Amino acid sequence: MPKRRGRVLHDHHHVSPHRPPHWSYTDTERGWGKVAGSSKIEWTEATWNPVTGCDQISPGCAHCYAKTFAERWRGVPAHPYEQGFDLKLWPERLEVPLHWRKPKTIFVNSMSDVFHEAIPDDYVAQIFETMRAAHWHTFQVLTKREERMLRLAGKLTWPPNVWMGVTIENRRFVHRADALREVPAAVRFISAEPLLGELENLSLDGIAWLIAGGESGPRHRRVDAEWIRDLRDRCAGADTAFFFKQWGGARPKSNGRTLDGRVHDDFPRQAVALG
Ligand code: SF4
């Protein structure tokens with residue numbers, strides 16, 4: 001069994017660290033869904049992973065905890081991450097949200113990237129079809145692969161319960177927001193986490209929501225408070241909902257999530273309408 005010392009909680013965690021390694025995918029997927037608020041991520045309620053595994057493509061991926069987590073289980077027979085962080089399609093999970101009756105906010109592919117180049121077009125289309133059919137849920141899709149998102153956008157349906165987001169970790173990647181603005185999603189959002197630099201050149205036009213946060217983990221890169229304040233202030237000016245997730249540090253909760261005396265927990269207005 002892989003060692004579990006030094007466990008780090010992260011965005012990508014949707015697996016309880018205390019789960020035994022022999023659960024079947026069905027038990028785990030449905031089990032996680034049954035636990036209300038089964039995700040530890042502050043800005044969502046549940047996760048759904050019809051794909052697991054990914055490849056690092058961007059500075060924000062350097063300390064990808066999804067990878068760290070998945071690789072701990074590599075080689076453990078019958079574990080959902082027996083194959084580590086190698087990309088794996090799970091067609092048997094494609095319709096899982098349809099079985100969750102209670103409306104939830106669901107982060108899609110917290111352990112992968114929906115627009116990873118190795119996921120077939122028709123598989124991505126099936127993920128979107130489930131989101132369309134499961135209209136009582138709200139789905140949050142987040143990618144660092146904006147070019148493929150844009151290439152496929154015209155072939156996908158964009159129902160109002162699908163929020164589309166891109167990660168922007170430093171000023172070199174603000175063009176991802178330009179690609180996002182081309183996508184006909186009802187809600188467009190940016191995840192500026194782990195924030196690795198100032199985003200002074202980021203336009204918030206057409207962006208309904210911005211999540212910011214510092215990195216956590218043993219090798220975290222420190223976030224500068226001024227980078228966060230700048231985003232907070234520009235969100236206020238642009239009517240973009242601002243969510244400050246964490247300062248980060250050795251652990252996600254190391255330094256809390258208070259910014260200048262208050263917590264920022266805003267969601268886009270459509271979230272209220274959909275709820
Ligand atoms: S895109 Fe996301 S899941 Fe993929 S390697 Fe980067 S941080 Fe990890």
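Conventions used here
- Residues numbered from 1 in each chain as written.
- Predicted model: local features only at pLDDT ≥ 70, side-chain atom pairs only at ≥ 80, totals over all residues.
- Helix = DSSP H or I, 4+ residues; strand = E, 2+ residues; numbered from the N terminus.
- Buried ≥ 20, exposed ≤ 12 C-beta atoms within 10 Å, placed from the backbone.
- Contact = placed C-beta atoms within 7 Å.
- Core = buried A, V, L, I, M, F, W, Y, C linked by C-beta atoms within 7 Å.
- Expected span 1.5 Å × (residues − 1).
- Arc of directions from axis to C-beta.

## Quick look at the overall build of the protein chain
Summing up its helical and strand segments, the protein chain has seven helices and eleven strands in all. Residue burial in the protein chain is summarised as follows: out of 275 residues, 43% are buried. Considering only residue pairs separated by 6 or more positions, the protein chain has 70% of its internal contacts joining residues 24 or more positions apart.

## Quick notes on the nonpolar core
The biggest cluster of nonpolar side chains holds 56 residues, and the ones touching the most others in it are Phe189, Ala192, Trp209 and Leu210. Contacts of Ala192, omitting those with residues within four sequence positions, involve Ile168, Glu169, Leu199, Leu210, Ile211, Ala212 and Leu231. With eight residues, the next largest nonpolar core counts Cys54, Ala66, Ala70 and Phe85 among its residues.

## Points about helix α6 (residues 225–238)
Between the first and last C-alpha of α6 there are 20 Å, a value that for 14 residues agrees with the 20 Å anticipated at 1.5 Å per step. Of all the residues in α6, the buried ones are Ile228, Leu231 and Cys235. Viewed along the axis of α6, the buried residues span an arc of 60°, placing them on a single side of the element. Turned more than 90 degrees away from the buried face of α6 sit Ala225, Glu226, Asp233 and Gly237, all of them exposed. If you follow the buried residues of α6, they end up packed against β7 (187–192), β8 (209–213), β9 (241–246) and β10 (258–259). Positioned one or two residues after α6, Asp239 has a phi angle of 65°, which is positive.

## Points about unusual backbone geometry
Excluding glycine, residues mostly have negative phi values, and the peptide bonds linking residues are mostly trans. Omega for the bond connecting Glu193 with Pro194 falls within 30 degrees of zero, at -5°, which places this linkage in the cis form. Residue position: Pro194 is located in the loop between β7 and β8. For Ala78, which is not glycine, the phi torsion reads 70° and is therefore positive. By secondary structure assignment, the location of Ala78 is in the loop between α2 (65–71) and β3 (88–89). Phi at Asp260 takes a positive value of approximately 50°, unusual for a residue other than glycine. Looking at the element boundaries, Asp260 is found in the loop between β10 and β11 (262–263). A residue is classified by how many C-beta atoms lie within 10 Å of it, and Asp260, with 10 of them, is exposed.

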